[in-house]
Amino acid sequence: AEFVMPGFDVAKAESLRLQREPRHGVEDEVVRIGYPTTPRPRVSPLIVPVVEHFWRKYGATVMFEFIGWMPEALALLPNVILHRWIGDYDAYLAFKVARRWDVGIAPLIGEGFERYKTNNKYREYGGCRVPAVYSDVSPFRETADDGRTGMLVENSREDWIEAPERLGASPIWRSRTPEGGCGEVQRRHAMATTGRLLAATAVRYVQGEAGYRRERR
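Residues numbered from 1 in each chain as written. Predicted model: local features only at pLDDT ≥ 70, side-chain atom pairs only at ≥ 80, totals over all residues. Heavy atoms only, no water.

## With respect to the packing of aromatic side chains
So, step 1. A complete count under the given rule lists eight aromatic pairs for this structure.
So, step 2. Both rings, one in Tyr89 and one in Tyr92, keep their centres 5.5 Å apart while their planes meet at 50°; by these two values the pair is tilted. Here the residue Tyr89 and the residue Tyr92 both occupy positions in helix α3 (residues 89-98), the gap between them amounting to three residues, near one helical turn.
So, step 3. On the numbers, 5.8 Å between centres and 55° between planes, the contact of Tyr122 with Tyr134 is tilted. Of this pair, Tyr122 sits in helix α4 (residues 120-127) while Tyr134 is found in strand β5 (residues 132-135), placing the two residues 12 residues apart along the sequence. There is no split in this pair, since Tyr122 and Tyr134 are both buried. (Phe/Tyr/Trp six-rings, centres within 6.5 Å; stacked < 30°, edge-to-face > 60°. Helix = DSSP H or I, 4+ residues; strand = E, 2+ residues; numbered from the N terminus. Buried < 20%, exposed > 50% of the residue type's maximum accessible area, 1.4 Å probe, protein only.)

The following block contains the structure:
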């Protein structure tokens with residue numbers, strides 16, 4: 001069996017990025033940390049202390065934006081915004097890029113069904129040039145290059161507070177990881193690249209099937 005890495009439309013994300021409106025005034029001074037996800041209550045013990053810490057220390061100068069779901073414990077915090085889930089992927093991608101997130105997060109426990117997830121968050125954050133923090137579990141452990149294309153952290157409360165804080169406070173870190181991440185996504189996951197790999201895999205499969213049938217005759 002062969003596995004072809006899923007693709008990401010880097011060209012579309014870049015076009016959306018160049019078209020988006022700039023931030024103005026006070027909005028430009030706010031650090032935005034984003035997380036699009038379906039319901040994932042198992043990561044709540046990681047996320048909730050992080051958001052509470054940032055509210056106590058930074059107030060409304062750091063905002064957390066969720067798309068689709070967030071832990072119920074965060075509902076009353078003033079530094080949290082929950083956006084509805086967007087089913088149309090093109091509309092979702094356009095909205096995500098337009099939010100101009102400074103940092104993306106991808107917490108994952110890495111047990112059970114989660115062991116079989118693809119690196120979708122890595123492809124999206126990298127392709128959209130969003131510096132991101134990932135749990136140091138599969139599939140991120142195998143794809144994110146710590147310090148170059150993203151930040152890998154242990155699933156401890158302390159690490160999940162420290163890493164977004166470091167990214168949010170450091171323009172150097174925020175400029176380094178998006179360039180590395182986008183370049184790596186372009187190299188490994190661009191639609192043209194994965195399309196060629198898929199076509200080559202299909203050809204090998206067809207040729208193998210044809211050879212097998214000839215041997216059976």
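## Notes on helix α6 (residues 157-169)
So, step 1. The terminal C-alpha atoms of α6 lie 19 Å apart, and with 13 residues this matches the ideal 18 Å at 1.5 Å per residue to within 8%.
So, step 2. All buried positions along α6 are accounted for by Trp160, Ile161, Ala163, Pro164, Glu165, Leu167 and Gly168. (Expected span 1.5 Å × (residues − 1).)

## Re the side chain of Thr194
So, step 1. In this fold, Thr194 is placed in helix α8 (residues 191-216).
So, step 2. In this structure the side chain of Thr194 is engaged in a polar contact, spanning 3.3 Å, whose partner is the backbone oxygen of Met191.
So, step 3. Ignoring sequence-local partners within four residues, the contact set of Thr194 consists of Val4, Met5, Pro6, Gly7, Arg188 and His189. (Polar contact = N/O pair within 3.5 Å; in protein donor to acceptor, adjacent residues only side chain to side chain. Contact = heavy atoms within 4.5 Å.)

## Considerations on the sheet that holds strand β1 (residues 31-36)
So, step 1. A sheet is described by the order of its strands in space; here six strands give the open sequence β3-β2-β1-β4-β5-β6, paired in parallel fashion. Both outer strands of the open sheet, β3 (80-83) and β6 (151-153), are each paired with one neighbouring strand and no more. Across this sheet, the average inter-strand angle for adjacent strands is 25°, counted without regard to direction.
So, step 2. One ladder, built from three bridges, connects β5 with β6; its direction is parallel. Across the sheet, Val133 pairs through a bridge with Met151, a residue of β6. (Pairing = 2+ DSSP bridges. Axes fitted to C-alpha atoms, helices over the stretch in contact; angles between N-to-C directions.)

## Examining the packing of helix α2 (residues 44-58) against α6
So, step 1. Between α2 and α6, whose axes approach to 9 Å, the crossing angle comes to 50°. The angle between α2 and α6 falls in the class oblique. The two elements α2 and α6 meet at a crossing, and its hand is right-handed. Taking contact as the criterion, the partners of Leu46, Pro49, Val50, His53, Phe54, Lys57 and Tyr58 in α2 are, on α6, Arg157, Trp160, Ile161, Pro164 and Glu165.
So, step 2. Split by residue class, the contact of α2 with α6 holds eight nonpolar, one polar and three charged. (Parallel < 35°, antiparallel > 145°, perpendicular 65-115°, else oblique. Left-handed = near helix turned anticlockwise from the far one by under 90°. Nonpolar A, V, L, I, M, F, W, Y, C, P; charged D, E, K, R; others polar.)

## Describing the pairing of β5
So, step 1. Judged by which residues are buried, β5 turns out to be covered on both faces: Ala132 and Tyr134 on one side and Val133 and Ser135 on the other are all buried.
So, step 2. Pairing of strand β4 (residues 103-106) with β5 involves three bridges; the strand directions are parallel. Across the sheet, Ala106 pairs through a bridge with Tyr134, a residue of β5.
So, step 3. What joins β4 to β5 is α4, and the crossover it makes is right-handed. (Right-handed = clockwise from strand over helix to strand, strands pointing away.)

## So, the nonpolar core
So, step 1. Counting residues in each nonpolar core, the largest one holds 51 residues, and the members touching the most others are Phe64, Phe66, Leu74 and Tyr134.
So, step 2. With six residues, α2 is the largest single contributor of residues to this core.
So, step 3. Aside from chain neighbours lying at most four places away, what touches Phe64 is Ile33, Val50, Val51, Phe54, Asn79, Val80 and Ile81. (Core = buried A, V, L, I, M, F, W, Y, C linked by side-chain atoms within 4.5 Å.)

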